[in-house]
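# A structural walkthrough
In case you want the letters, here they are:
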Amino acid sequence: MNKFLGYIFSLLFYIFFGLTLVIFQPIQWICYKFFGYKAHKASVDALNFFLTYCGLLMGSSITFINQQNLPTDRPIIFVANHQSMYDIPGLIWFLRKYHVKFISKIELTKGIPSISFNLKYGGGANINRKDSKQAVSELIKLGQRMKENNWSAMIFPEGTRAKDGKLKAFQVGGIATLLKKVPNALIVPVAIENSWKLVQYGAYPLSFGEKLRWTVLTPIEPLNKNPEEIVLEAENAIRVKLNQVNYSTI
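So, here is what we can say about the structure in this document. Not measured: the values here are computed from a predicted model.

## Details of the pattern of salt bridges
Taken as a whole and judged by the stated rule, the model has six salt bridges. Between Arg239 and Glu235 there is a salt bridge, with the nearest N and O atoms lying 2.9 Å from each other. Taken together, the residues span about one helical turn, with Arg239 and Glu235 both in helix H8 (residues 227-242) at a distance of four residues. Taking the relative accessible area as the measure of exposure, Glu235 reaches 6% and is therefore buried.

## A closer look at the packing of aromatic side chains
Throughout the structure, instances matching the rule amount to 20 aromatic pairs. Judged by centre distance (5.1 Å) and plane angle (50°), the ring pair of Phe49 and Tyr53 falls under tilted. Taken together, the residues Phe49 and Tyr53, both in helix H2 (residues 37-53) and four residues apart, mark about one turn of the helix. The exposure class assigned to Phe49 is partly exposed, which follows from its relative accessible area of 30%.

## Considering unusual backbone geometry
Here the residue pair Tyr204 and Pro205 is connected by a cis peptide bond, since its omega of 0° sits within 30 degrees of zero. Here Pro205 lies in the loop between helix H7 (195-198) and strand E7 (211-216). The phi dihedral of Ser114 is positive, around 70°, even though this residue is not glycine. Tracing the sequence through the fold places Ser114 in the loop between strand E3 (100-105) and helix H4 (115-121). Ser114 gets classed as buried once you look at its relative accessible area, which sits at 0%. Positive phi outside glycine occurs at Asn224, with the angle close to 65°. Assignment of secondary structure puts Asn224 in the loop between E7 and H8. We classify Asn224 as exposed; its relative accessible area is 76%.

## Overview of H2
Here H2 is 17 residues long and its end C-alpha atoms lie 24 Å apart, about the 24 Å a rise of 1.5 Å per residue gives. In this structure, the buried side of H2 is in contact with helix H1 (2-35), strand E1 (61-66), helix H3 (87-94) and H4.

## Some words on the packing of H1 against H2
The packing of two helices is summarised by the inter-axis angle and the distance between the axes. It is the contact of H1 with H2, at a shortest axis distance of 8 Å, that shows an interaxial angle of 170°. If you check the angle between H1 and H2, you find them roughly antiparallel. Across from Phe17, Thr20, Leu21, Phe24, Ile27, Gln28, Cys31, Tyr32 and Phe35 in H1, the residues of H2 making contact are Tyr37, Ala39, His40, Ser43, Val44, Ala46, Leu47, Phe50 and Leu51. Split by residue class, the contact of H1 with H2 holds 14 nonpolar, four polar and no charged.

## Description of a positive patch on the surface
A surface patch of positive charge is lined by Lys105, Arg129, Arg161, Lys163 and Lys168. Residue placement: Arg129 occurs in the loop between strand E4 (125-127) and helix H5 (132-149). By relative accessible area, Arg129 is classed as exposed at 58%.

Scoring rules and cut-offs
Residues numbered from 1 in each chain as written. Predicted model: local features only at pLDDT ≥ 70, side-chain atom pairs only at ≥ 80, totals over all residues. Heavy atoms only, no water. Salt bridge = Lys/Arg side-chain N within 4 Å of Asp/Glu carboxyl O. Helix = DSSP H or I, 4+ residues; strand = E, 2+ residues; numbered from the N terminus. Buried < 20%, exposed > 50% of the residue type's maximum accessible area, 1.4 Å probe, protein only. Phe/Tyr/Trp six-rings, centres within 6.5 Å; stacked < 30°, edge-to-face > 60°. Expected span 1.5 Å × (residues − 1). Contact = heavy atoms within 4.5 Å. Axes fitted to C-alpha atoms, helices over the stretch in contact; angles between N-to-C directions. Parallel < 35°, antiparallel > 145°, perpendicular 65-115°, else oblique. Nonpolar A, V, L, I, M, F, W, Y, C, P; charged D, E, K, R; others polar. Patch = residues over 30% accessible without salt bridge, like charges linked within 9 Å, V, L, I, M, F, W, Y side chains within 5 Å. Areas by Shrake-Rupley, 256 points an atom, 1.4 Å probe, with all protein chains shown as cover. Lys, Arg positive; Asp, Glu negative; His and termini not counted. Charge placed at Lys NZ, Arg CZ, Asp CG, Glu CD.

Right under this line is the structure:
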């Protein structure tokens, strides 16, 4: 039934999702060019509010759980699993007060209304996966901005989307590079559930009536821990939440 209803409602979803991107492109440009960072960020937050709740057009439930008392006066490295592109608007909207910056492929900085503009000018790191030197340099620059502004970063350490929802082993490199620049950054795991189901049939139809959920888990203090320990602890916390525990790593 969710596939059948998806044929009916996916078109409506894409119309509203696409219109949102097109409408916010000039809004972002005006905010950035004439009013600076704060205005641009406000426009990006509003954009992602609408993108997140476009999911209601697909009958999706939108649930964000954060029972952690996270600081706003120190950098945070959010570490999340990655299931689909629909993970991201909710992360930006619900974590907006932490000024979360993303690490993205440099190819995404062109050709996508609103999204490309934000990636190019929003303060994140746009990396060339074929150029490791450039990628490390971008991460170091991001770490410096985090340090100077108490911004946060979002990392998907699986390295790619888990299209079947099964968590892949986390990679250490990105988090280790950021921690060299901001060693006091708090590590906060975030478990994302069911967004892979939204695209389980591909781009069309989207699946109707899925329960999308983001859960902020217990923070990890990096003091006296090496990056490998930190990343493994974050991965295991997310595995427990997703009921995908790999007992050989615990």
